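Structural characterization, general
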Amino acid sequence: MAPAISDAESDAGTIDEGQLDHHLDAPLEIADREALLEDTRDDDPRTSTGRRAASGKKRAKRAKIALVVAVGVVFAASATLMAKMAFRAHPAKEAPEEALDESDEPNPPPLPDSIKLFYPPQNRQELEAMQATLAESSDPMLTWQEFSGNDTISHEWHPATYTTDKHFANQRTALLFAPGIYRNLDFQVGYYTSIYGLGKHPDDVLFTDCDKGPHCPALEKYSHRPPWGSSLDTFWRSVENIATDAREGMRWAVSQAAPLRRVHVEGNLYLFDGDAWASGGVAANVVVDGEVDFGGQQQWLMRNAELRGGAKNGAWSLVFVGCTGQVPEESDGKSGPAISVENDPGLRVEKPYIVLHRIDGPYQHQFELRVPPVTFGREAIGPQFEDNREDVRDFRRVKLGVPSSAFDSTVAARENHSVLQAALDEGKDLVLSPGIYPLLDSLVVRHSNQVVLGLGYATLVAPKKGGSPCIRTQPGVPGVRIAGLMLEASTGKSEESSLLEWGTPDSNDPGDASNPGVLSDVFARVGGVHRDVSVDAMIRLHSGNVFGDNVWLWRADHVQLRPGEHPNFPDISEKYRQTVHDECEVKNGLVVGENASNVTIVGLAVEHTTEDQTVWNGDDGKVYFYQCELPYDADQSFSEQKFVGYRVGPGVAKHKAIGLGVYSNFRDHSVEVETAVVHPETDGINLRNIFTVKLDNQGAIRPSTK
């Protein structure tokens, strides 16, 4: 939690209300503040304006910005305006009537309660209000006294711990931060919560004069290997497009579906918390001024990261793709983690993001959707924070989706599909506010270059009938971007069902190499909240030239307990039911069809499906970083039918994959699997740093390499 601030403490971002009248005669437009924020980037090596200045110059500029922000408070001449500037969702203002087309959306749009829009706090009252609002999105805390039942003793190390109580919650939240400087804010990022800076550059939203800033430590420190806790289930949270120079650096001890994107860490980045086990993770398009410490992270992907202070530690597999700075040398993992380095990936496509754009008048803004360009060759190396080739899209042509409020699930599914599909058919981009969207039928993308962007882990639930996917992209439609979505299976089932389909099996669509389709931060799950759900495969790609960027496909290995139900394996967890045979059924995670050539995925995790985890039949595929766990509940038939963690089809002539880890933890039966990976024995198959791990329990993959 954020530290208390004494009345005597001096802070340029904290203004006594009595000071407001003193500055009323010297108003300062937001444009001046934004100009100064722009000025701090003039020497940044990631922009076209030159090299970053020395640290002293940067600090001086920040002091200048702080003074400007302080003087700029004169706009808040009344308590009402101050409250509007502070922490509550900014009320939408209609765009000028003459600028609206009949089919245009309002910009800014009305924001639902699941989206919180913040401005830098200008006094103690606003700061405390912001801290309270942020705490609502953090994971629940448990004190030692509550855990132990003894009010007279305290814990030697931890007076309280964050818990996993929201692990399968329905709440979804997006916390949006307008450009500016945010002081004295330490807050934990909880389940199904996303942090978004709204600047054109990460440095436009700065967390400073704080100990931790936005962070995530290990959870359950009293009940999981105390006093360390665990990060193995620390899923579904993210931070994007901010800068932090917290005094303790940035701690981000997470596992899957918890990415860092477009982040500038001005100190050290700690991807662990003590001796807590962790199974992460992805950091993409980031700059770290200090050192990256992986600690005991089992695996991690760094994509297009600038590592100014180097990197150390890690357990099994570290993959660096398109990184610059002090990148570790490649190693085979015989002593320490396997380190896989791809210096020249050849292709990079960054995730779309949202910017708060100033219009005439104080504190009046509109939203822009920014779509980064596809980059190739040398331009696919290193971070990409600004590019004048970005496609800037006014929110008047962006539909902000909000889940139906209908109590009846069938009515809600019909309304969700009707509203969202109508926007897609009009050619609008779709931004889904946080929430859960049951669907009556698939959402179909038919327009080139269309964007479907989820905020705060917006969750699409597959239609219950016919095995239709949550979302389908038509063949021959290049440049589609699908990002920031959770895809969830429902109780309906049929053969060839899926959660996402790109193209159709009979289309023979090669895609467009110059304008690929893109999946960014797409996370599918079969089970979790429910166990009586199923699907044939989570994602099927039929079209070529698709670029994947952080994709996690999870058959739940544990599910929510029903009311009054006791855990079936209490020695593993007293909070969840462990998935057993015939629950959460799904055969494959990813299936790449024969016609889907030149598919690239940077960051792929597939876990616990009942047959082959990944099946790749398209030619010239590339995978950089693969993490896989075979099903815990498998029996000997899994081995007898020769299912594996990664299968490259017999007709594939060319395939490249680096940093492939396949793990076993056969809980219920002693299963002996002959191999983790199957591929043709041809010169065009290039696999590097493949390894297996026996996590626990019975059986193994033979031979096990770690």
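Report follows, based on the coordinates. Every value quoted in this text rests on a predicted model; they were computed, and no experiment measured them. (Residues numbered from 1 in each chain as written. Predicted model: local features only at pLDDT ≥ 70, side-chain atom pairs only at ≥ 80, totals over all residues. Heavy atoms only, no water.)

The next thing to look at is the overall build of the protein. Of regular secondary structure, the protein possesses seven helices and 51 strands. Burial statistics for the protein: of 706 residues in total, 61% are counted as buried. Of all intrachain contacts in the protein linking residues separated by at least 6 positions in sequence, the fraction that spans at least 24 positions is 67%. Total accessible area on the protein stands at roughly 26100 Å², and carbon and sulfur atoms take up 49% of it. (Helix = DSSP H or I, 4+ residues; strand = E, 2+ residues; numbered from the N terminus. Buried < 20%, exposed > 50% of the residue type's maximum accessible area, 1.4 Å probe, protein only. Contact = heavy atoms within 4.5 Å. Areas by Shrake-Rupley, 256 points an atom, 1.4 Å probe, with all protein chains shown as cover.)

Quick look at the side chain of Ser255 now. Mapped onto the fold, Ser255 is located in the loop between strand 12 (250-251) and strand 13 (260-265). Residue Ser255 is classed as buried on the basis of its relative accessible area of 1%. Beyond its immediate sequence surroundings of up to four residues, Ser255 is in contact with Ser231, Leu232, Thr234, Phe235, Ala278, Ser279, Gly280 and Gly281.

To continue, consider the sheet that holds strand 26 (residues 365-371). Reading across from one edge, 25-26-28 is the order of the three strands in this open sheet, with antiparallel pairing throughout. If you trace the sheet from one side to the other, it starts and ends with strand 25 (353-358) and strand 28 (391-394), each paired once. Strand after strand, the sheet turns through a mean of 35° between neighbouring axes, direction not considered. Pairing analysis gives four bridges linking strand 26 to strand 28, with the strands arranged antiparallel. Its bridge partner being in strand 28, Glu368 is matched across the sheet by Asp394. (Pairing = 2+ DSSP bridges. Axes fitted to C-alpha atoms, helices over the stretch in contact; angles between N-to-C directions.)

Taken as a whole, the largest pocket holds about 1300 Å³ of empty space. In this structure, the largest pocket is lined by 44 residues; those nearest its centre are His224, Ser230, Leu232, Trp277 and Ile572. Counted as a void, the second largest pocket has a volume near 610 Å³. For the second largest pocket, the lining is made up of 25 residues, of which Ser409, Pro438, Val461, Lys464 and His530 are closest to its centre. Those elements that place two or more of their residues in the lining of the second largest pocket are helix 6 (409-425) and strand 31 (436-438). Along the lines of polarity and charge, the residues of the lining of the second largest pocket split into 13 nonpolar, seven polar and five charged. (1 Å grid on protein atoms, 1.4 Å probe; cavity = no way out; pocket = protein on both sides within 12 Å on 5 of 7 lines; lining within 4 Å. Points joined across faces, edges and corners; volume = space filled by probe spheres on them. Nonpolar A, V, L, I, M, F, W, Y, C, P; charged D, E, K, R; others polar.)

For the structure on display, the rule yields 14 cavities of 30 Å³ or more. Of the voids in this model, the largest cavity is the one considered here, and its volume is about 120 Å³. Among the elements of the structure, strand 39 (546-555), strand 43 (600-607) and strand 45 (621-629) are those that each provide at least two residues to the lining of the largest cavity. When its residues are assigned to classes, the lining of the largest cavity shows nine nonpolar, nine polar and no charged.

We now examine the environment of Pro516. Here Pro516 is to be found in the loop between strand 36 (500-502) and strand 37 (517-526). Since its relative accessible area comes to 2%, Pro516 is described here as buried. Sequence separation between Pro516 and Val599 is 83 residues; the distance between their C-alpha atoms is 9.1 Å. The contacts of Pro516, once residues within four sequence positions are left out, are Val349, Val374, Gly479, Val480 and Asn545.

Counting across every chain of the model gives 27 aromatic pairs. With a centroid separation of 5.2 Å and an interplanar angle of 75°, the aromatic rings of Phe177 and Phe207 are classed as edge-to-face. With Phe177 in strand 4 (residues 173-177) and Phe207 in strand 8 (residues 205-208), the pair connects residues that are 30 residues apart, well separated along the chain. For the pair Phe177 and Phe207, one class covers both residues: buried. Taken together, Phe168, Tyr191, Tyr192, Phe235, Trp236, Trp552, Trp554 and Tyr576 form an aromatic cluster joined through their ring pairs. Note that Arg172 overlies the ring of Tyr192, its terminal NZ or CZ placed 4.0 Å from the centroid. Stacked on the ring of Phe272, the Lys or Arg Arg251 has its end atom at 5.5 Å from the ring centre. (Phe/Tyr/Trp six-rings, centres within 6.5 Å; stacked < 30°, edge-to-face > 60°. Lys NZ or Arg CZ within 6 Å of the ring centre and 35° of its normal.)

Worth remembering: the numbers are spatial, not functional.
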